[in-house]
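Fold and contact review
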Amino acid sequence: MPDYYKILELEDGASQQDIKRAYFRLIRQHTPDSDPEGFMTIREAYEQLKAGNTGNQGPSFPVNPDPIAAAVREHTENALSGKNMEKVLELAEFGAKQFPSDPYFLYYLQIAQRRLGFTGKAVKTGEKLLRTDVLNPWYNRELTVSYLERGYIKKAISQFKRTWALNVRDTELVSMMVSLAEDKDYVNFAVNVLMEYLKEKKEWKRDELDDASFLYATLMDHTDIMYPRSADQAFEMSLSFAEKYYPQLEGSLKDLFLMSMVSSAAQSSASQEIIDKVLDYVKNNSSGLPAEMVRTIQNFPETKDISRLMEDGNVAEEVTDFILTEESDFDDHTIYEYARLGCMLILMKQADRYRDEIHYIKRHYPDVYQKEKDFYDLFDDQNKLGQKMDEYRVKFRRLSAECQGSQFYVLFPDEKNRSLPLAAFRQFADPGKRKYGRALVGRNDPCPCGSGKKFKKCCMGKGIFD
């Protein structure tokens, strides 16, 4: 039997709230379109671990007068209450063959097939069931889910629209459709469904708040695709929810919700007035937030510039890697310095390639540029760039003895065995011996780097001891 807690990345015995949170988080990472097998596995684990129902009572079925049918139904109900889906499958298959006009057996046969991973058979059973009553909202709902789990996304969307028209409005189904927002081909559809659902949903019960916070966070995450007026409306809706229900959210969910508000505002096309409202709300409720979150709020203009730059597409991955290298992301300052130097050396090594992109950042993202202005300005002075690169090579070589993982030596293997100035090694490896190192080589002596030039015309001229 699969370890359902492990599938949802939970400890054994996790609470129903944790199960829901894990489920909603994971279906955003493993969508029906990008990872249908993973999506199906996560759904199965969630179905096995969740307690109770999702708010929809399901269809009602006419009483079958046949005593055998009644007995099979009773055994099926017992198997369902015990979550024994293998037994449900066996009984429903028997019932569907013996009583083909009884939709009860087709309905639970489809559910059992889907839960056990027979998604192709579940689709066929669902289509057969729907033909018995095309206007039954629950038959439409179950077929929508079967299409999703099979990876038939376009069919699922068409079927969902029919289900929606029949007034099926449960959060679980909406959340499954909203997970499609992670796929660019369906993001507009998913966001429109989400906005419509949230407009209709005026009140939330306490046990629905986890689901609600997930849906509002998803809405805010995707405001960057909306027109300003729609983005403004999305944030207004989220603020209204927060003002009414935020105090009732529990534990880390509060922090996650505020983080979603800030990160989404940074990427949003919403008006400045709305963004200011969002930031004011977060600041007023930021007591006890992690230090990194507080810093993000305080440096919001820079955060916004970085977020938009990441979506821009006009700057190479190597440049964005350097921009995103933050010391707070590393437990050890030495590893941070190593990662940062590696990024800088990659850019300096190919200065001609990255110079125009750095100028582009200066024009369009001035807050990002100011953050590393001294480094970026080197690219406009070839001599200063060369001097600094020699200095960084030495530091990086020293750190490479205790750190690893940088792409610099992978991209430029010749750099690993490059001859570096002996005097430079002495300066940066042990600053206490600087005077001794300088006295070791006279101005007119051959340079220790092996170039054949006098020291004053070579490494001394690069400002090693300045």
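Just so you know, these numbers come straight off a predicted model, no measurement behind them.

Position of isoleucine 275 relative to the elements: it lies in helix α15 (residues 272–284). In this structure isoleucine 275 comes out as buried when scored by relative accessible area, which is 0%. Note: C-alpha distance between isoleucine 275 and valine 262 (13 residues apart in sequence) is 8.8 Å.

Throughout the structure, instances matching the rule amount to 20 salt bridges. We note a salt bridge from glutamate 200 to arginine 169, for which the minimum N-O separation is 2.8 Å. Remark: arginine 169 occurs in the loop between α9 (153–165) and α10 (171–178) and glutamate 200 occurs in helix α11 (residues 187–200); sequence separation between them is 31 residues. Taking the shortest distance from any N to any O, the salt bridge between aspartate 414 and lysine 349 comes out at 3.9 Å. Highlighted residues: aspartate 414 in the loop between α24 (408–411) and α25 (422–429) and lysine 349 in helix α19 (residues 333–349), separated in sequence by 65 residues. By relative accessible area, which is 30% here, lysine 349 ends up partly exposed. The structure contains a network of salt bridges with shared partners spanning Arg114, Arg141, Glu142, Glu149, Asp170 and Glu172.

Grouped together as the largest cluster of nonpolar side chains are 97 residues, with contacts concentrated most on Leu8, Leu180, Leu198, Trp204, Leu219, Phe257 and Met261. A total of nine residues in this core trace back to one element, the largest contributor, which is α11. Setting aside residues no more than four positions away along its own chain, tryptophan 204 makes contact with Thr171, Tyr197, Leu198, Leu209, Ala212, Leu215, Tyr216, Phe241 and Tyr245. Judged by nonpolar contacts, the second largest core, of 35 residues, contains Val315, Met344, Leu347 and Tyr354.

So, on to the side chain of serine 238. Within the fold, serine 238 resides in helix α13 (residues 228–245). Contacts of serine 238, omitting those with residues within four sequence positions, involve Tyr216, Leu219, Met220 and Phe257.

Enumeration over the complete set of coordinates arrives at two cavities of 30 Å³ or more. What the largest cavity holds in volume is close to 40 Å³. Lining the largest cavity, in full, are Met40, Arg43, Glu44, Glu47, Arg114, Arg115 and Glu149. Those elements giving two or more residues to the lining of the largest cavity turn out to be α3 (36–49) and α6 (103–115). With four residues, the single largest contributor to the lining of the largest cavity is α3. Grouping the amino acids of the lining of the largest cavity by side-chain chemistry returns one nonpolar, no polar and six charged.

What follows deals with the packing of helix α2 (residues 16–29) against helix α12 (residues 209–221). One can describe the packing of α2 onto α12 by two numbers: an axis separation of 10 Å at closest approach and a directional angle of 25°. Compared by their axis directions, α2 and α12 come out roughly parallel. Remark: the crossing between α2 and α12 carries right-handed chirality. Residues Gln17, Lys20, Arg21, Phe24 and Arg28 of α2 form the contact with α12, whose own contacting residues are Asp210, Asp211, Phe214, Thr218 and Asp221. Here the contact of α2 with α12 is composed, by residue class, of two nonpolar, two polar and six charged.

What follows concerns the environment of aspartate 380. Looking at where aspartate 380 falls in the secondary structure, it is placed in the loop between α22 (373–377) and α23 (382–399). Along the primary structure aspartate 380 and arginine 355 are separated by 25 residues, whereas in three dimensions their C-alpha atoms are 7.9 Å apart. Those residues in contact with aspartate 380, other than ones at most four positions away along the chain, are Arg355 and His359.

Averaged over every residue, the pLDDT of the chain is 81; the share at 70 or more is 84%. A low-confidence stretch, residues 52–56 (pLDDT under 50), is modelled with five contacts involving residues beyond four sequence positions or located in other chains. When the criterion is pLDDT under 50, residues 421–440 qualifies, and its contacts beyond four places in sequence or with other chains add up to 26 contacts.

We now examine unusual backbone geometry. Even without being glycine, glutamate 9 reaches a positive phi, approximately 60°. Secondary-structure assignment places glutamate 9 in the loop between α1 (4–7) and α2. Of note, asparagine 167 is a non-glycine position whose phi angle comes to about 70°, a positive value. Note on placement: asparagine 167 falls in the loop between α9 and α10. When its relative accessible area of 57% is taken as the criterion, asparagine 167 is described as exposed.

A separate point is helix α7 (residues 119–132). Counted at 1.5 Å a residue, the expected span for α7 with its 14 residues is 20 Å, and the 20 Å between its end C-alpha atoms agrees. The set of residues buried in α7 consists of Thr119, Ala122, Val123, Thr125, Gly126, Leu129 and Leu130. If you follow the buried residues of α7, they end up packed against α3, α6, α8 (137–150) and α9.

All right, on to the packing of aromatic side chains then. Overall, the coordinates contain 29 aromatic pairs when judged by the stated rule. Residues phenylalanine 160 and phenylalanine 189 carry aromatic rings whose centres are separated by 6.2 Å and whose planes lie at 90° to one another, so their mutual orientation is edge-to-face. Taken together, the residues phenylalanine 160 in helix α9 and phenylalanine 189 in helix α11 connect sequence positions 29 residues apart. Here phenylalanine 396 and tyrosine 409 contribute two aromatic rings whose centre-to-centre distance is 5.2 Å and whose plane-to-plane angle is 70°, an arrangement assigned as edge-to-face.

Analysis parameters
Residues numbered from 1 in each chain as written. Predicted model: local features only at pLDDT ≥ 70, side-chain atom pairs only at ≥ 80, totals over all residues. Heavy atoms only, no water. Helix = DSSP H or I, 4+ residues; strand = E, 2+ residues; numbered from the N terminus. Buried < 20%, exposed > 50% of the residue type's maximum accessible area, 1.4 Å probe, protein only. Salt bridge = Lys/Arg side-chain N within 4 Å of Asp/Glu carboxyl O. Core = buried A, V, L, I, M, F, W, Y, C linked by side-chain atoms within 4.5 Å. Contact = heavy atoms within 4.5 Å. 1 Å grid on protein atoms, 1.4 Å probe; cavity = no way out; pocket = protein on both sides within 12 Å on 5 of 7 lines; lining within 4 Å. Points joined across faces, edges and corners; volume = space filled by probe spheres on them. Nonpolar A, V, L, I, M, F, W, Y, C, P; charged D, E, K, R; others polar. Axes fitted to C-alpha atoms, helices over the stretch in contact; angles between N-to-C directions. Parallel < 35°, antiparallel > 145°, perpendicular 65-115°, else oblique. Left-handed = near helix turned anticlockwise from the far one by under 90°. pLDDT = per-residue confidence, 0-100. Expected span 1.5 Å × (residues − 1). Phe/Tyr/Trp six-rings, centres within 6.5 Å; stacked < 30°, edge-to-face > 60°.

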